[in-house]
Amino acid sequence: MIAHVLGARPNFVKAAPVIAAHNREQRLIHTGQHYDERMSEVFFRELGLPEPDVNLGVGSGSHAAQTAAIMVALEKEFIERSPELVMVYGDVNSTIAAALVAAKLHIPVAHVEAGLRSFDMTMPEEVNRRLVDQLSNLLFVTSPEAVGHLAAEGVDVDRVHFVGNPMIDTLLAHLDSFDTEAVRAAHGLPERYIVATLHRPANVDDPQVAAGLVKRLHEIADLADVVMPVHPRGRRVLTEAGLDDHPRVTLLEPLGYVDFVAVVRGAVAAVTDSGGVQEETTILGVPCLTLRPNTERPITITHGTNRLVTPDGLVSAVEQVLASPAGEHEVPPLWDGKAGPRIARITESWLNG
Ligand code: UD1
Ligand code: UDP
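Residues numbered from 1 in each chain as written. Chains lettered and ligands numbered in written order. Predicted model: local features only at pLDDT ≥ 70, side-chain atom pairs only at ≥ 80, totals over all residues. Heavy atoms only, no water.

Go over the site of ligand 1, please, and point to the residues and values.
Taken together, 18 residues are adjacent to ligand 1, and His34, Asn93, Glu125, His199 and Arg233 come closest. At 2.7 Å, a side-chain N or O of histidine 34 approaches an oxygen atom of ligand 1. Between a nitrogen atom of ligand 1 and a side-chain N or O atom of aspartate 36, the distance comes to 2.9 Å. Contact with the protein chains removes 85% of the 750 Å² of surface that ligand 1 exposes when unbound. Grouping the constituent residues of the shell around ligand 1 by class yields five nonpolar, eight polar and five charged. (Near = heavy atom within 4 Å. Polar contact = N/O pair within 3.5 Å; in protein donor to acceptor, adjacent residues only side chain to side chain. Areas by Shrake-Rupley, 256 points an atom, 1.4 Å probe, with all protein chains shown as cover. Nonpolar A, V, L, I, M, F, W, Y, C, P; charged D, E, K, R; others polar.)

Now the structure itself:
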């Protein structure tokens, strides 16, 4: 039996096509890291994910408290169920917790989205990624440079498989469902708008930093309407900094997957610090301005529509994007909607020895 460990919103989007592609007994363990209906359940419904077999219900907490709670609950689960493989996704606390517990129990680990590196150890995700990759027996990478990163860290390249991007499998599988007109009508959105999402600790935890970003978002709202589905992490700090105090800023609750991508697809640009949004805009051809000093997804810059911007550079970047429509862009190699089946094929043949 393969145990898939999922906990946070991006995990659900990545795991759906991988789970669907397997022909083996599977068990879906939800750690409960994300628990709001709009951060969790909606994805299971929309993406056809099976109901979790168990939800560990760990909820929120400090890094140590959350990671430790997941580990304690998973240790019990893995001992009781003896999975032949634990499959983990991305770089969230649920990912490192599961990999660490499995490795100590001598259960092989497969990591989906291995080898991405921002080289910024102040990001909790970078710590998680590096450690998970050291613990993994099968490493599935979404873009070619990841193979080099893993080799440089001493990972045996025989364990590394370049399979493409399961998040893009999900996007391509739902292309016909993204109805921008319907979502615009449902939420009363303007014709022309910029979509914004912010949730990185470096952007939304410190009230002063958040206030600086709100000022910049208001400046771009002077140029074009801004639509922002607000991640719960930054809700209080951004609201207290007055995010809503601009007539052309529309704040929304976190959206379900289909509505969210429909909003992105209809936008003139995305302003974001999300990993997934950098990848989705690359395929949708929507210009993406990433409010971060670095990215672990450089292929979205070299092949896609992504650009890193500083808060001070945001307004002029938006002016440029509004003045010139997105040019031609390439699709990154193997972002073809077939990553899930590739992962399943390799995993099953590995398990069959
Ligand atoms: C987590 C991941 C991050 C990922 C993001 C995707 C880690 C270290 N971080 O960040 O890499 O990009 O998910 O969305 O794993 N909260 C709610 N409801 C929920 C979930 C969270 O209100 O359903 C609030 C709580 O106040 C919580 C805060 O959001 O303390 C942060 O949640 P947490 O899971 O710790 O990290 P994220 O910021 O969501
Ligand atoms: N997403 C969504 N609704 C939202 C915001 C995001 O459905 O309101 C989806 C979107 O597909 C995105 C994914 O959730 O790529 C992961 O989002 P998030 O930005 O939270 O995480 P990250 O990719 O930065 O880890």
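Quick one: what's the story with the UniProt feature "domain: UDP-N-acetylglucosamine 2-epimerase" (unreviewed entry) in the protein, residue by residue and with numbers?
In the numbering adopted here, UniProt assigns the feature "domain: UDP-N-acetylglucosamine 2-epimerase" (unreviewed entry) to residues 22-346. Helix makes up 43% of residues 22-346 and strand 14%, with an end-to-end C-alpha separation of 10 Å. (UniProt positions renumbered as here; feature names shortened; annotations may be inferred. Helix = DSSP H or I, 4+ residues; strand = E, 2+ residues; numbered from the N terminus.)

Outline the site of ligand 2, supporting the account with residue identities and numerical values.
As a structural note, the neighbourhood of ligand 2 is formed by 17 residues, with Arg200, Leu255, Ser274, Gly276 and Glu280 the closest of them. Residue arginine 200 places a side-chain N or O atom 2.7 Å away from an oxygen atom belonging to ligand 2. Within the contact set of ligand 2, an oxygen atom lies 2.8 Å away from a backbone nitrogen or oxygen of glycine 275. When residues of the shell around ligand 2 are assigned to their parent elements, the largest contribution, four residues, is made by helix H13 (residues 275-284). Here the shell around ligand 2 is composed, by residue class, of nine nonpolar, five polar and three charged.

Got a sec to walk through unusual backbone geometry? Specific residues and values, please.
Within the chain, histidine 106 stands out as a residue other than glycine whose phi angle is a positive 60°. Among the secondary structure elements, histidine 106 is positioned in the loop between helix H4 (93-104) and strand E5 (109-112). The class for histidine 106 is exposed, based on a relative accessible area of 73%. Of note in this structure, glutamate 113 is not a glycine but carries a positive phi near 80°. In this fold, glutamate 113 is placed in the loop between E5 and helix H5 (124-135). (Buried < 20%, exposed > 50% of the residue type's maximum accessible area, 1.4 Å probe, protein only.)

Can you lay out the sheet that holds strand E11 (residues 269-272) for me, pointing to particular residues and giving the numbers?
Pairing is parallel across the open sheet formed by six strands, whose spatial order is E10-E9-E8-E11-E12-E13. Every other strand in the sheet has two partners, leaving strand E10 (249-252) and strand E13 (306-308) as the edge strands with one partner each. Strand-to-strand, the axes of this sheet are offset by a mean angle of 20°, without reference to chain direction. Where strand E8 (residues 193-197) lies against strand E9 (residues 225-229), three bridges are found, and the strand directions are parallel. By the bridge assignment, tyrosine 193 is partnered in E9 with aspartate 225. Here H13 sits on the sheet and contacts E8, E11, strand E12 (288-290) and E13; the angle it forms with E12, its principal contact strand, is near 160°. Seen against the sheet, helix H15 (residues 314-323) touches E8, E11, E12 and E13 and runs at an angle of roughly 170° to E12. (Pairing = 2+ DSSP bridges. Axes fitted to C-alpha atoms, helices over the stretch in contact; angles between N-to-C directions. Contact = heavy atoms within 4.5 Å.)

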